[in-house]
Amino acid sequence: MELGGTPQGAPQGEDCPPVSLKERRWGLLLTGLVGGTLAAVYAVAVPFLAPALRSVCLPFVPATPRQVDNVVRMLRGRRGTLVDIGSGDGRLVVAAAKAGLPAVGYELNPWLVWFSRYRAWREGVRTSATFHISDLWKVSFSQFSNVVIFGVPQMMLQLEKKLELELQDNARVIACRFPFPSWTPDHVTGEGTDTVWVYDASTFRGRARGPGTLVPPPKRVS
């Protein structure tokens, strides 16, 4: 029996092949690729998801084709410029421009604004459909005759007050998904999530001037 030497079954240091320089380089390259991919996904996703984390927000939820059709129907015969508050991917602004109305979109998400500008160029309405990166609370809407909003309940009352102060008497406001809490709509069209509520400034200004002002019930447009 031998008392010295390496016990049977023990690993031999010289039996473990050293890591080559080429393998190390591939490992670093793979790590860099994974890290870069995660950083790119984060950079793209955060602007889309961040609005949903605000207390009062306009999270990006694309309008359905039926919603767009309902809004455009309620704009027939209207004149002046349209503004879409929280214009998202620009589909409504582009649809209004194609229907003959100059249209402007305000959106806080720069990625969506850039995509909207590309969409307007692709649809051939780049000169009549424009987009701006801006917070809606920092914009005056006094120059617009037609206002569209895909809002959330938490913001509608505050937006009511802002629009009452800024809009002209001939302006029209169209709310999608959620109505304004205090105004009585002049027209309603659509069903379910595709419903749109139409408010004429002359009507809601009349309600604001006194309880004696008569306001007709909203007209349901099929």
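That block above? That's the structure.
My aim in this report is to walk through the structure given alongside it, one point at a time. Bear in mind the structure is a predicted one, so any value in this text is a computation, not a measurement.

How each quantity is defined
Residues numbered from 1 in each chain as written. Predicted model: local features only at pLDDT ≥ 70, side-chain atom pairs only at ≥ 80, totals over all residues. Heavy atoms only, no water. Helix = DSSP H or I, 4+ residues; strand = E, 2+ residues; numbered from the N terminus. Buried < 20%, exposed > 50% of the residue type's maximum accessible area, 1.4 Å probe, protein only. Areas by Shrake-Rupley, 256 points an atom, 1.4 Å probe, with all protein chains shown as cover. Pairing = 2+ DSSP bridges. Right-handed = clockwise from strand over helix to strand, strands pointing away. Patch = residues over 30% accessible without salt bridge, like charges linked within 9 Å, V, L, I, M, F, W, Y side chains within 5 Å. Salt bridge = Lys/Arg side-chain N within 4 Å of Asp/Glu carboxyl O. Contact = heavy atoms within 4.5 Å.

Looking at the overall build of the protein
Consideration 1: Of regular secondary structure, the protein possesses six helices and eight strands.
Consideration 2: Counting helices and strands in the order they occur from the N terminus, the protein gives α-α-β-α-β-α-β-β-α-β-β-β-α-β.
Consideration 3: The proportion of buried residues among the 222 residues of the protein is 40%.
Consideration 4: Approximately 13,300 Å² of the protein is accessible, and the part contributed by carbon and sulfur atoms is 59%.

Focus: unusual backbone geometry
Consideration 1: Phi angles above zero are rare outside glycine, and R177 is one such case at about 75 degrees.
Consideration 2: Within the secondary structure layout, R177 lies in the loop between β5 (172-176) and β6 (187-189).
Consideration 3: R177 gets classed as partly exposed once you look at its relative accessible area, which sits at 23%.

Topic: the environment of I174
Consideration 1: Mapped onto the secondary structure, I174 falls in strand β5.
Consideration 2: Expressed as a C-alpha distance, the spacing of I174 and V188, which sit 14 residues apart in the sequence, is 9.5 Å.

Examining the pairing of strand β4 (residues 146-150)
Consideration 1: Where burial is concerned, most of β4 is hidden: five out of the five residues are buried.
Consideration 2: Here β4 shows two buried faces, one formed by N146, V148 and F150 and the other by V147 and I149.
Consideration 3: Bridge count between strand β1 (residues 82-85) and β4: four bridges; the pairing is parallel. Counterpart to L82 in the pairing with β4 is N146.
Consideration 4: Handedness of the crossover is the feature at issue here: the chain leaves β4, passes through helix α5 (residues 153-166), returns alongside β5, and the resulting connection is right-handed.

Things to note about a nonpolar patch on the surface
Consideration 1: Taken together, W111, W114 and I133 make up a surface patch of nonpolar side chains, about 320 Å² in accessible area.
Consideration 2: For I133, the position within the fold is in strand β3 (residues 129-133).

Some points on the pattern of salt bridges
Pairing of side chains with opposite charge becomes possible as their charged atoms draw close.
Consideration 1: Per the stated rule, a full pass over the model turns up seven salt bridges.
Consideration 2: For E123, the salt bridge is made with K98, and the minimal N-O distance between the two is 3.0 Å. Remark: K98 occurs in helix α3 (residues 91-98) and E123 occurs in the loop between α4 (110-122) and β3; sequence separation between them is 25 residues.
Consideration 3: Owing to a relative accessible area of 32%, E123 belongs among the partly exposed residues under this scheme.
Consideration 4: Between R172 and D200 there is a salt bridge; the shortest N-O distance is 2.8 Å. A residue pair is termed long-range when its members are at least 10 positions apart, and R172 in strand β5 and D200 in strand β7 (residues 196-200) qualify at 28 residues.
Consideration 5: Note on R172: relative accessible area 12%, which makes it buried.
Consideration 6: One salt-bridge network, held together by shared partners, links D89, R91 and R119.

Overview of α3
Consideration 1: In terms of burial, α3 is largely enclosed, as six of its eight residues are buried.
Consideration 2: Those residues of α3 not exposed but buried are L92, V93, V94, A95, A96 and A97.
Consideration 3: Here the buried face of α3 lies against α2 (65-74), β1, β2 (103-107), α4, β3 and β4.

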